[in-house]
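Chain residues, written in single-letter form:
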Amino acid sequence: MKEELTYTEAFGQLQEIVKKMEDADISVDDLSDNIKKAARLIKICRDKLTKTEDEVNKTIAELS
């Protein structure tokens, strides 16, 4: 089973893809695969941020 990426790992990989695209250091052949990977990484980051926000809000609510 594939180990789940942490937010930091996913964000780092996303930054690498963006840098390659900005530097035009990506072939047209690899562009589609990198866009798909970026979309998966964005979903991972968004899900982790949402989960963290929910946990923080729950903790704050418990303190009230």
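Model, not experiment: these values are computed from the prediction. (Residues numbered from 1 in each chain as written. Predicted model: local features only at pLDDT ≥ 70, side-chain atom pairs only at ≥ 80, totals over all residues. Heavy atoms only, no water.)

Participant: I keep staring at the overall build of the chain and nothing clicks. Help me out?
Facilitator: Each helix and strand in the chain was counted, giving two helices and zero strands. Projected onto its principal axes, the C-alpha coordinates of the chain cover approximately 55 × 30 × 15 Å. Expressed as a percentage of its 64 residues, the buried residues of the chain come to 11%. Looking at the chain, you have 11 positive and 15 negative side-chain charges, and the mean spots of the two groups are 4 Å apart. (Helix = DSSP H or I, 4+ residues; strand = E, 2+ residues; numbered from the N terminus. Buried < 20%, exposed > 50% of the residue type's maximum accessible area, 1.4 Å probe, protein only. Lys, Arg positive; Asp, Glu negative; His and termini not counted. Charge placed at Lys NZ, Arg CZ, Asp CG, Glu CD.)

Participant: What is the right way to look at the nonpolar core in this model?
Facilitator: One broad trend across soluble globular proteins is that nonpolar side chains are buried collectively. Counting six residues, the largest nonpolar core is built from Ala10, Leu14, Ile17, Ala38, Leu41 and Cys45. Of all the secondary structure elements, the ones that give two or more residues to this core are helix 1 (7–22) and helix 2 (28–63). Beyond its immediate sequence surroundings of up to four residues, alanine 38 is in contact with Leu14 and Ile17. (Core = buried A, V, L, I, M, F, W, Y, C linked by side-chain atoms within 4.5 Å. Contact = heavy atoms within 4.5 Å.)

Participant: Honestly, the pattern of salt bridges in this entry has me stumped. Any pointers?
Facilitator: In a structure, side chains of opposite charge can pair up when their charged atoms sit close to one another. In total, this model carries three salt bridges according to the counting rule given. Between aspartate 23 and lysine 19 there is a salt bridge; the shortest N-O distance is 2.7 Å. (Salt bridge = Lys/Arg side-chain N within 4 Å of Asp/Glu carboxyl O.)

Participant: I keep staring at a nonpolar patch on the surface and nothing clicks. Help me out?
Facilitator: Together, Tyr7, Phe11 and Leu49 give the surface a local cluster of nonpolar side chains, amounting to about 270 Å² of exposed area. Here leucine 49 falls in the partly exposed class, since its relative accessible area comes to 48%. (Patch = residues over 30% accessible without salt bridge, like charges linked within 9 Å, V, L, I, M, F, W, Y side chains within 5 Å. Areas by Shrake-Rupley, 256 points an atom, 1.4 Å probe, with all protein chains shown as cover.)

Participant: Would you mind going over the packing of helix 1 against helix 2 with me for this structure?
Facilitator: Packed helices, taken two at a time, are described by the angle between their axes plus the distance between the axes. It is the contact of helix 1 with helix 2, at a shortest axis distance of 9 Å, that shows an interaxial angle of 145 degrees. For the crossing formed where helix 1 meets helix 2, the hand is left-handed. On helix 2, the residues touching Tyr7, Ala10, Phe11, Gln13, Leu14, Ile17 and Met21 of helix 1 are Leu31, Asn34, Ile35, Lys37, Ala38, Leu41, Ile42, Ile44, Cys45, Lys48 and Leu49. Classifying every residue of the contact of helix 1 with helix 2 by side-chain character gives 14 nonpolar, two polar and two charged. (Axes fitted to C-alpha atoms, helices over the stretch in contact; angles between N-to-C directions. Left-handed = near helix turned anticlockwise from the far one by under 90°. Nonpolar A, V, L, I, M, F, W, Y, C, P; charged D, E, K, R; others polar.)

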